[in-house]
Each structure stands twice: as structure tokens, then as C-alpha cells.
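Chains, contacts and geometry: an overview
Here is how the chains run, residue by residue.
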Amino acid sequence: MTQVINFIQRKFRSELEGVQHGTCQITSGNNSVNDVLAAVVKNKSFLIFTYTTEENTESPDLELVCGRIVDSTTVRFLVDTAVNDNVNIAWTVVEFKASSSLNVQHFAGSAT
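Residues numbered from 1 in each chain as written. Predicted model: local features only at pLDDT ≥ 70, side-chain atom pairs only at ≥ 80, totals over all residues. Heavy atoms only, no water.

Considerations on the overall build of the protein chain
Defined as follows: Here a strand is any run of E in DSSP of at least two residues, a helix any run of H or I of at least four, and the numbering for each starts at the N terminus. Buried residues are those whose accessible area, probed at 1.4 Å on protein chains only, stays under 20% of the maximum for their type, while exposed residues exceed 50% and partly exposed ones sit between those limits. Throughout, a contact is declared for two residues whenever any of their heavy atoms are within 4.5 Å. The accessible surface values rely on the Shrake-Rupley method and a 1.4 Å probe; as for residues, cover is taken only from the protein chains in view.
A tally of helices and strands in the protein chain yields 1 helix and 6 strands. Written out in order from the N terminus, the α and β elements of the protein chain read α-β-β-β-β-β-β. Taken over 112 residues, the protein chain has a buried fraction of 35%. Considering only contacts within the protein chain whose residues lie at least 6 apart along the sequence, 78% involve residues at least 24 apart. Total accessible area computed for the protein chain in this model is approximately 6,800 Å², and 48% of it derives from carbon and sulfur atoms.

As for the nonpolar core
The test is simple: Side-chain atoms within 4.5 Å link the members of a nonpolar core, which is a set of buried Ala, Val, Leu, Ile, Met, Phe, Trp, Tyr and Cys residues.
Judged by nonpolar contacts, the single largest core of 16 residues is most densely connected at Ile 26, Leu 47, Val 75, Phe 77, Ile 89, Trp 91 and Val 93. Every element with two or more residues in this core is listed here: strand S1 (16-26), strand S5 (74-78) and strand S6 (87-96). By residue number, the principal contributor to this core is S6, which donates 4 residues. Those residues in contact with Ile 26 that sit more than four places away from it in its chain are Asn 31, Ser 32, Val 33, Phe 77, Leu 78, Val 79, Val 83, Asp 85, Asn 86, Val 87 and Ile 89. Ile 8, Leu 16, Val 94 and Phe 96 belong to the second largest nonpolar core, which has 6 residues in total.

A word on the environment of Lys 44
Structurally, the position occupied by Lys 44 is in the loop between strand S2 (32-36) and strand S3 (45-53). As a C-alpha pair, Lys 44 and Ser 100 span 56 residues in sequence and 8.1 Å in three-dimensional space.

Some words on the sheet that holds S6
Let me state the cut-off plainly: Any two strands with at least two DSSP-identified bridges between them are counted as paired. Inter-axis angles, ranging from 0 to 180 degrees, are taken between N-to-C directions of lines fitted to C-alpha atoms, where helices are fitted over the stretch in contact.
Pairing within the open sheet is antiparallel, and its 3 strands lie in the order S1-S6-S3. With one partner strand each, in any of the chains shown, S1 and S3 form the two edges of the open sheet. Put simply, the sheet's adjacent strands are angled 15° from each other on average, direction ignored. Taken together, the 10 bridges between S1 and S6 define a ladder with antiparallel strand orientation. Its bridge partner being in S6, Ile 26 is matched across the sheet by Val 87. Along the sheet face, helix H1 (residues 2-11) touches S1, S3 and S6 and points at about 165° away from the line of S1.

Here we look at the packing of aromatic side chains
Where we set the bar: We call Phe, Tyr and Trp rings a pair once their centres come within 6.5 Å, taking the six-membered ring for Trp, and we label the pair stacked below 30 degrees between planes, edge-to-face above 60, and tilted otherwise.
If you walk through the whole model with that rule in mind, you get 3 aromatic pairs. An angle of 70° between the planes, with centres 5.1 Å apart, marks the rings of Phe 49 and Phe 77 as edge-to-face. Pair noted here: Phe 49 is in strand S3 and Phe 77 is in strand S5, with a separation of 28 residues, a long-range link. Joined through ring pairs, the aromatic side chains of Phe 49, Tyr 51 and Phe 77 make up one cluster.

Let's talk about the sheet that holds S5
Sheet architecture is open: 3 strands sit in the order S2-S5-S4, paired in antiparallel fashion. Taken across any chain shown, the strands that pair with only one partner, and hence form the sheet edges, are S2 and strand S4 (66-71). Averaged over all pairs of adjacent strands, the angle between their axes in this sheet comes to 25°, without regard to strand direction. In this structure, S4 lies alongside S5, joined through 5 bridges in antiparallel fashion. Residue pairing across strands places Gly 67 opposite Phe 77, the latter belonging to S5.

What follows is the structure, given as C-alpha cells:
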């Protein structure tokens, strides 16, 4: 993920408003977590993230994690069902300047 972020920062330097990083965790027995970010313009921002699971069970299932920018100050990550292991998430939100011609389209999937 670091290489992707570095590329974006080099390629679009004059177009970027800011880049934020954070970490959070979906804890065992839960299926979602919200994390706070400094205010962004949602249609000028996008989310990139990676995750790992902690293998606390004999047959761990790799969880599919969805993430999205919920509003100007919140990112949300979730899985379909409550997890048996903690899911550690590292995220980055890239925001482009309001004057940028870029308009980010957000997938309106089930990550509510």
C-alpha cells in the first residue's frame, strides 16, 4: 500500500488536498468498526486499506473486509458476520483539492 500512496502523492502532488492514515480493529465477536478522520470532501476523496487477521482459532477463515467513507469524518469497515479473530486494518484516505476536476464515484454496496 505504501508504494501506491507514494505514487499517488508524486503523480498528483498539485491536485492533492491531503492524505490521512489510520489504524483500527474489528474485534472478535463483532462485525464492524468506525474510525474518525479529519473532515474531508467525500466526493473528492477515496479510501485504500489493507487488513490482517489474527489466527486465534484452529481453522481460521480469512474474512472479506469492506470499507467506505461514511461521511466527512468517518470511515467504516465491516465483514458479513461477526469475526472469530481480530481483524487489524491500516487505512489511508486521499483527498483531492476542491478545484480538481476529479469526481470520485462511491460504490453503493452493502457496506452500511
